[in-house]
Every structure is written in structure tokens, then in C-alpha cells.
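# Coordinates in review
Below, each chain spelled out in residue letters.
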Amino acid sequence: MVRDLRAELVGRSFASVTVLRADIWRTPLAEMLPSLLPGERIVAVERRGKYILVELQSGDHLMVHLGMTGHLLVCEAAAPLARHTHFRATLDDGRELRFDDVRRFGRLAYGARPALEDAGVLPALGLEPLTAGFSQEAFDGLMRRTTRTVKAALLDQAGIAGLGNIYIDEACFLAGVRPTRRCHRLTRAQRAALRAAIQAVLVKAIANRGSSVDDYRDIWNARGSHQDALQVYGRGGEPCFRCGRALKRTVVAGRTTVFCSHCQR
DNA sequence: AACGAGTCCTGATCGC
DNA sequence: TGCGATCAGGACTCGT
């Protein structure tokens, strides 16, 4: 999404702004946005973990977290509104950037990045799994110093940023590691396999433009295709693609978790 | 430190 | 056809 947004938005300026729902904002600026945002040129679109950051010429940022069902859309101003559209901003080329979210777990914020960080609106996040900082040494350090389950540790955005329920189950399957395993008990080989699997799963899912298991759509409302490549997520009770045995479905760290008890140890 | 439960929401699906 | 229970890509808070 960020790559698509970057290609569409960088260099454009915001024109008018409409806040249809103010309570999804983490900063008390919703009513001031119509005076703050118009005229601002977009200079960059970045991502930190699951947070999307649209950087403006003034140094302020429009921050977006999609939650479960949040969606950013770039469309013509005349395009019909999605049922749960909460924010729309026109661009200087006549198009609009819109945010819609059925469940309203998504959050928007506006402000200078240090201010967003100080307020905890943009929380402290861990390693970016597709950067050099996600070294085997760094990953080993994280795993060796905690007794939590692998699932819980990978869900924790303060350790590694950006992994969610789908890709954690997928990475564990690819690595042959049970999500219920305790981090500090993983072997060196398992840690290496897990780190490689996390990266491989993310790279593939991004290449496939995301997993449209249900609501996910890109900024043009198109579906991704990675849902067709998922090995375990959503397949509880169905045969493992590797060994043919029925996949187990349980709850780990409060989240539905699917794994193969034969292929994952 | 770690974990479970509860909370925030709407909508799809399923059993009766 | 209707109705209630259950569940869903996330992430807080609170109590143990």
C-alpha cells in the first residue's frame, strides 16, 4: 500500500478536507484539519511497522493505522462513497484520498513526528523485518531473552514491527516451528529458519499484493492474491500441504492459530 | 514478565 | 425468514 501511495501522492498537494467521523482520530485535531491540511504538499510516504506516515512539506505527518478493516483509497472525487468512509481529502489533481473502516479499529493522527511519538500515538516499535537491522544476531537476542511463546513474541510490535496473525502462522509453518514453542527453547537452527521464513513470507505476500482473505483491498480497491498462497491460515482441519495430515486449530496468545503438529515441532 | 479476559466495532455465517 | 451465538488481518487496559 505504501509503495502505491508513494507513487500516487508524492508531489501532490492537499486541497480540501472532510472529516466525516472525528472519533477515529488519536490527535485532537480533527476539527482543525480543514485549516491545517489544505495547501500542504506531500513529500514522502513511509511506513513504520503497521503505521503509514504521509509526510508533508511542513514536517507534519498524516498517520494511519488500518486496524482490522481500515482501507485507504485513491479515487476520482465523483466516485461513490464506501458505506463507512470517515475521512476524505481532495488532491490538487482533482482526485481524493479516502479512509474507510467498517469496524473502526483503525486510527488516524496528525502532527509532527516527535510529537506523535511523545504522545504515544506512534508507539515505540521493534525491528523492521525487511531491513539489515533484522540480523540473525538481533533476532536471536530477542528470542533468547524471553520465555513467551513464539506466537506471543512475534505478535509483539515492540520486538518485531509489522507481523500479524496471518503471516506469523505462515512463517511458523514455513520454518517448521510450532507457534506454542517457548522462544528461549528454540534451537539455533530453528531461530535461523524462523527468521528466514518471516522474511520469505513477507516478500512473497508483498509481491502478491497482500492477502484479501476478506476485506483487504489496495488503494484502487483491487484484491491481492496472497490469500491463494496461504499454507495454514484459515485452513484449520484441512490437510497439510506438506504431509497431508489435518491441520490443528487452537488459540495461542489470544489469537486463532493454525499449525501442523507433524511438520511443526 | 507473562498471560488471560475484557474492550472497542460491524457484518458475515451458521445452527436452530 | 428470523434470531441469537460466534467469529474476524489489531491493540489497548486491567487483574492475577
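Below or above, wherever it landed, is the structure these notes cover. What you are looking at is a predicted structure, and each value in this text was computed from that prediction instead of being measured.

The next thing to look at is the side chain of Arg235. Along the chain, Arg235 turns up in the loop between helix H7 (188–207) and strand S9 (248–252). Here Gln231 takes part through its backbone oxygen, which lies 2.9 Å from a polar atom of the side chain of Arg235.

Glancing now at the protein's contact with DNA strand B. If you check the shell around DNA strand B, you find His84, Val102, Arg103, Arg104, Phe105, Thr146, Thr147, Arg148, Thr149, Ala152 and Arg182 and nothing else. Near the protein, meaning within 4 Å, the atoms of DNA strand B are sugar or phosphate in a fraction of 67%, with bases accounting for the rest. A distance of 2.7 Å is found between a phosphate oxygen of DNA strand B and a side-chain nitrogen or oxygen belonging to Arg182. Class assignment of the residues belonging to the surface near DNA strand B gives a composition of three nonpolar, four polar and four charged.

Close to DNA strand C lie 18 residues; His65, Asp215, Tyr233, Arg255 and Thr256 are nearest. For DNA strand C, a phosphate oxygen lies 2.8 Å from a polar atom in the side chain of His65. Taking Asn165, its side chain carries an N or O atom lying 3.2 Å from a phosphate oxygen of DNA strand C. Looking at the surface near DNA strand C, the elements with two or more residues in it are helix H6 (165–175) and strand S10 (255–259). For the surface near DNA strand C, the residue count by class is six nonpolar, six polar and six charged.

We now examine the sheet that holds strand S2 (residues 42–48). Strands sit in the order S2-S3-S4-S8 across an open sheet of four strands; the sheet is antiparallel. Of all strands in the sheet, those bounded by a partner on one side alone are S2 and strand S8 (107–112). The mean inter-strand angle of the sheet, taken between neighbouring strand axes irrespective of direction, is 20°. Two strands pair when backbone bridges link them, and strand S3 (residues 51–56) and strand S4 (residues 60–65) are joined in this way by five bridges, in the antiparallel orientation. Along S4, the bridge assignment pairs Glu55 with His61. Of the strands in this sheet, S2 and S3 touch helix H1 (residues 2–9), which is tilted by about 175° from S2.

We now examine unusual backbone geometry. Here Arg209, not a glycine, exhibits a phi torsion of approximately 60°, which is positive. Of note, Arg209 is situated in the loop between H7 and S9. In this structure, Ala253 takes a positive phi of about 55° despite not being glycine. With respect to the secondary-structure elements, Ala253 resides in the loop between S9 and S10.

Moving on, we get to H7. End to end, H7 covers 29 Å across 20 residues, agreeing with the expected 28 Å (1.5 Å per residue, within 8%). Of all the positions in H7, only Gln190, Arg191, Leu194, Ala197, Ile198, Val201, Leu202 and Ala205 are classed as buried. Projection of H7 onto a plane perpendicular to its axis shows the buried side chains occupying an angular sector of 125°, all on one side. The exposed set on the far side of H7, more than 90 degrees from its buried face, consists of Arg188, Ala189, Lys204 and Ala207. Buried residues belonging to H7 abut helix H4 (136–144), helix H5 (150–155) and H6. Arg209 sits one or two residues past H7 and shows a positive phi near 60°.

Let us now look at the packing of H6 against H7. The geometry of H6 relative to H7 is characterised by a closest axis approach of 8 Å and an angle of 125° between their N-to-C directions. Between H6 and H7, the interaxial angle falls into the category oblique. Seen along the crossing, H6 lies across H7 with a hand that is right-handed. Packed against H6, whose contacting residues are Tyr167, Glu170, Ala171, Cys172, Leu174 and Ala175, the element H7 presents Ala193, Leu194, Ala197, Ile198, Ala200, Val201, Leu202 and Ala205 at the interface. In the contact of H6 with H7, the residues fall into 13 nonpolar, no polar and one charged.

Here the structure, examined in full by the defined rule, presents 17 salt bridges. Asp169 serves as the salt-bridge partner of Lys151, at 2.6 Å between the closest nitrogen and oxygen. One end of the pair, Lys151, is in helix H5; the other, Asp169, is in helix H6, and 18 residues separate them in sequence. The exposure classification of Lys151 matches that of Asp169, with both residues buried. In this structure, the salt-bridge partner of Asp218 is Arg209, at a minimum N-O distance of 3.2 Å. On the accessibility criterion, Arg209 (37% relative accessible area) is partly exposed. Through salt bridges with shared partners, one network takes in Glu8, Arg12, Asp92, Asp93 and Arg95.

Each value, and the rule that gives it
- Counting starts from 1 at the beginning of each chain's written sequence and moves along it residue by residue.
- Working convention: letters from A go to chains and numbers from 1 go to ligands, in the order in which they are written.
- Reporting in this predicted model follows two pLDDT cut-offs: at least 70 for local features of residues, and 80 or more for side-chain atom pairs to be given and counted; totals over whole chains, interfaces and linings ignore these cut-offs and use all residues.
- Excluding hydrogens and water, the side-chain values take into account all heavy atoms of the structure.
- For helices the rule is a DSSP run of H or I covering at least 4 residues; for strands it is a run of E covering at least 2, with both sets numbered from the N terminus onward.
- Throughout this description, a polar contact denotes any pair of N or O atoms lying within 3.5 Å of each other; where both atoms belong to protein, one of them has to be capable of donating a hydrogen while the other can accept it, and for residues adjacent in sequence the pair is counted only when both atoms sit in side chains.
- Whether a residue is near a molecule or strand depends on its heavy atoms: if one lies within 4 Å, it is near.
- Note that Gly is not counted as nonpolar here; it falls among the polar residues with everything else outside the nonpolar set of Ala, Val, Leu, Ile, Met, Phe, Trp, Tyr, Cys and Pro and the charged set of Asp, Glu, Lys and Arg.
- Here, strands pair whenever DSSP counts at least two bridges between them.
- In this analysis, axes come from line fits to C-alpha atoms, helices being fitted only over the stretch in contact, and the angle between any two N-to-C directions falls in the range 0 to 180 degrees.
- Any two residues whose heavy atoms approach within 4.5 Å at even a single point are treated as in contact.
- Given a helix with a known number of residues, its expected span is that number minus one, times 1.5 Å.
- Relative accessible area decides the class of each residue, using a 1.4 Å probe on protein chains only: under 20% of the type maximum gives buried, over 50% gives exposed, and in between gives partly exposed.
- To obtain the arc, one takes the directions from the helix axis to the C-beta atoms.
- Note on terminology: angles under 35 degrees are roughly parallel, angles over 145 are roughly antiparallel, angles of 65 to 115 are roughly perpendicular, and the others are oblique.
- Handedness of a helix crossing follows the sense of rotation of the near helix relative to the far helix, less than a right angle counterclockwise being left-handed and clockwise being right-handed.
- Here, a salt bridge means any Lys or Arg side-chain nitrogen found within 4 Å of an Asp or Glu carboxyl oxygen.

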